[in-house]
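Listed here are the chains, written in short residue letters.
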Amino acid sequence: SYGFSNLEAIPLDPHYALKEAFADDPSAKKVILGSGIYRDGNSEPWVLPSIEERKAEKEVDEHKSSARYEYLPISGYAPFVTVARDLLFGRYGAKADHFVSLQTISGTGANSLGAQFLSKSLRPSAVWLSNPSWVNHSNIWGLVGVKVKYYPYWDAQKKTLDFDSMVKKLETETVSGDVILLHACAHNPTGVDPTKEQWAKIADICESRGLFPFFDSAYQGFASGDLDEDAWALRHFVSRGTLELVAAQSFSKNMGLYGERVGALHLLTSSPEAAAKAKGHLCQLQRGQISQPPRRGAHLATAILTNQVLFQKWLIDLHEMSSRIKSMRQALYEELVSLGTPGKWEHIISQIGMFSYTGLSSVQVETIQSESHVYILKSGRISVPGCEFSFEGVNAANVKHVAK
Ligand code: PMP
C-alpha cells in the first residue's frame, strides 16, 4: 500500500538525540560535551578575528557589486578551489593538471560527492572505515549503496591506536579496488592519529593491496596549529607518485565557518586526460544535486588564503584555538588526577584535535548523565572546546565541576 505509515523508523542521529535530552533537562548544573564546535573561554561562539576583518572589508568592496548574488559555476568559485587545493596538498605536491577540484557543501558535501563518484567509477566491493569513525561516514557510504567494513583502530584497553590489528586486517581482508577512508589528522572521534612511520606503512598497504585512499581533512591547522603538519599524511601519500586519491576538505572548524558550508573535493588522478574525464562525471553529479555551491563562504575563505595580511592573522587564530584546546585538555587531566579518579588519564592530553575518547563505557556515561547532568555521547567521546557557558564544553569556569 502507499503512504509513509509503512516507513521503517530511523533513530535520531546520536548527537542530536543527546542535544534533545540535554534541552529537556531542567537542572541548572547541566553540561553537555557533545558537539564538534569550538567555543571561546566564555563558551561563546567565536568569530575568528581574521574572518571578522575580512567581512568589514567585504562590506565596502563587494556590497556594491551587482554580481554579488549571481550563480557560481557548477564546480564552484575557481579562485577558491585552487587556493584550497594548494593549502591542502602544498603548492608543489603534484602537477596541477592531474587534479580535479570542486567546491562542495562543506566537508559533508565533499564526503558525499566523493562517495557517489567512487561508488560509480570504481565499483568498490567495500569501503573500509576505522572502528570507530565519524558517525556520518557509514551513513554517507551506506546511502550510496557501498558495503561498509571496518578496520580495527582504537585499543579500548590501552586507549591508543591498535596499529597491529589494523595492519593485519588490511593486509588480509581487503580487495583490490576497495576504498579506505583515512582521517587526515585529528581522528574523529578518538583524537588518536598514526605516527609518520605508521602512515608510511598504511601507504605501503594501499600500494600493495590496490586500495584507493580517501582522505577526510576536517581539521587542518586546527589540530596542531600548524597547517603543514596537519597535512603531512596526505602529502606523504601524494609524494609517492604511485597513488590516485581523493580528499574531502572542510573549512568549518579551521575558519569557524560552520554554517556557511565551505569545503572542497579534490581528486588526484594519474594523468590530465583522466582528470578531464573525471571532472565531467563530478560536475554531472554536482549538477544533479546542488547545481552550484554557495558563494559567500567561498569568498571569505579565498580572501583569507590569498591576502597575506589576513593569512598571517588567520595563523594566529589557528594558534589561539589549538592552544586553548590543549590547555583545556591539560586542565581536565590535572583535575581528574587531583581528584584521584581511578584509571589512567594521560590519553586526555596525548590525543589531539577537539575530541577526546575518554574510555568511559556507555553505562558510566548514562550514570554520569542521570546523577550529575553531564551529557556525553554513549561512545564516551567528549568535545573538549565545547559550547555554551556553564552548559557545554570544558572551560576554565566549569572544568572542576566536569572533572568531578
Ligand atoms: N569529517 C569529519 C571527520 C568531521 O569530524 C566533520 C565535522 N564534524 C566533517 C567531516 C564535516 O563537517 P562539515 O560538513 O561541517 O565540513
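Calculation criteria
Residues numbered from 1 in each chain as written. Predicted model: local features only at pLDDT ≥ 70, side-chain atom pairs only at ≥ 80, totals over all residues. UniProt positions renumbered as here; feature names shortened; annotations may be inferred. Helix = DSSP H or I, 4+ residues; strand = E, 2+ residues; numbered from the N terminus. Rg over C-alpha atoms; globule rule 2.2 N^0.38 Å. Buried ≥ 20, exposed ≤ 12 C-beta atoms within 10 Å, placed from the backbone. Contact = placed C-beta atoms within 7 Å. Near = placed C-beta within 6 Å. Nonpolar A, V, L, I, M, F, W, Y, C, P; charged D, E, K, R; others polar. Axes fitted to C-alpha atoms, helices over the stretch in contact; angles between N-to-C directions. Left-handed = near helix turned anticlockwise from the far one by under 90°. Core = buried A, V, L, I, M, F, W, Y, C linked by C-beta atoms within 7 Å. Pairing = 2+ DSSP bridges.

As named in an unreviewed UniProt entry, the protein chain is Aspartate aminotransferase, taken from Penicillium atrosanguineum. In its Sequence similarities (unreviewed entry) section, UniProt records this for the protein chain: "Belongs to the class-I pyridoxal-phosphate-dependent aminotransferase family."

(A) Main features of the overall build of the protein chain. Along the protein chain, the regular secondary structure elements total 14 helices and 13 strands. Over its C-alpha trace the protein chain gives a radius of gyration of 21 Å, about what one expects of a compact globule, namely 22 Å for 404 residues. Each of the three principal axes of the protein chain carries a C-alpha extent, and together these read 60 × 60 × 55 Å. Within the span of the protein chain, comprising 404 residues, buried residues form 44% of the whole. A sequence separation of at least 24 residues applies to 75% of the contacts in the protein chain between residues at least 6 apart.

(B) Structural context of the site of the ligand. Lining the immediate environment of the ligand, one finds 14 residues, of which Ser106, Gly107, Thr108, Ser250 and Ser252 sit closest. A per-element tally of the shell around the ligand places helix α4 (residues 106-121) first, with 4 residues. When the residues that make up the shell around the ligand are grouped by side-chain class, the tally is 3 nonpolar, 10 polar and 1 charged.

(C) Main features of the packing of α4 against helix α5 (residues 135-143). The contact between α4 and α5 brings their axes to 9 Å, and the two run at 35 degrees. Of the two possible hands of crossing, α4 and α5 adopt the one that is right-handed. Each of Thr108, Asn111, Ser112 and Ala115 in α4 lies in contact with α5, whose residues at this interface are Asn136, His137, Ile140 and Trp141. In terms of residue class, the contact of α4 with α5 is made up of 3 nonpolar, 5 polar and no charged.

(D) A look at the nonpolar core. In terms of nonpolar packing, the biggest core is built from 103 residues, with Ile180, Leu234 and Ala301 touching the most fellow members. Of the residues forming this core, the biggest block, 9 residues, is contributed by helix α11 (residues 308-338). Not counting the four nearest positions on each side in its chain, Leu234 is found in contact with Leu88, Ala184, Phe215, Ser217 and Ala247.

(E) Region of the structure containing the pairing of strand β4 (residues 148-152). Where strand β3 (residues 127-131) meets β4, 5 bridges bridge the pair, whose relative direction is parallel. Counterpart to Val127 in the pairing with β4 is Val148.

(F) Quick peek at the sheet that holds β3. Within the open sheet, the 7 strands sit side by side as β2-β10-β9-β8-β7-β3-β4. Their pairing is mixed. Either end of the sheet is taken by a strand with one partner, and the two such strands are β2 (99-105) and β4. Adjacent strand axes in the sheet meet at a mean angle of 25 degrees when their direction is disregarded. Relative to strand β10 (residues 262-268), strand β9 (residues 245-250) runs antiparallel, the two being bridged by 6 bridges. Its bridge partner lying in β10, Leu245 is registered against Leu268. In this fold helix α3 (residues 78-89) packs onto β2, β8 (212-217), β9 and β10, with an angle of close to 110 degrees to the strand it touches most, β2.

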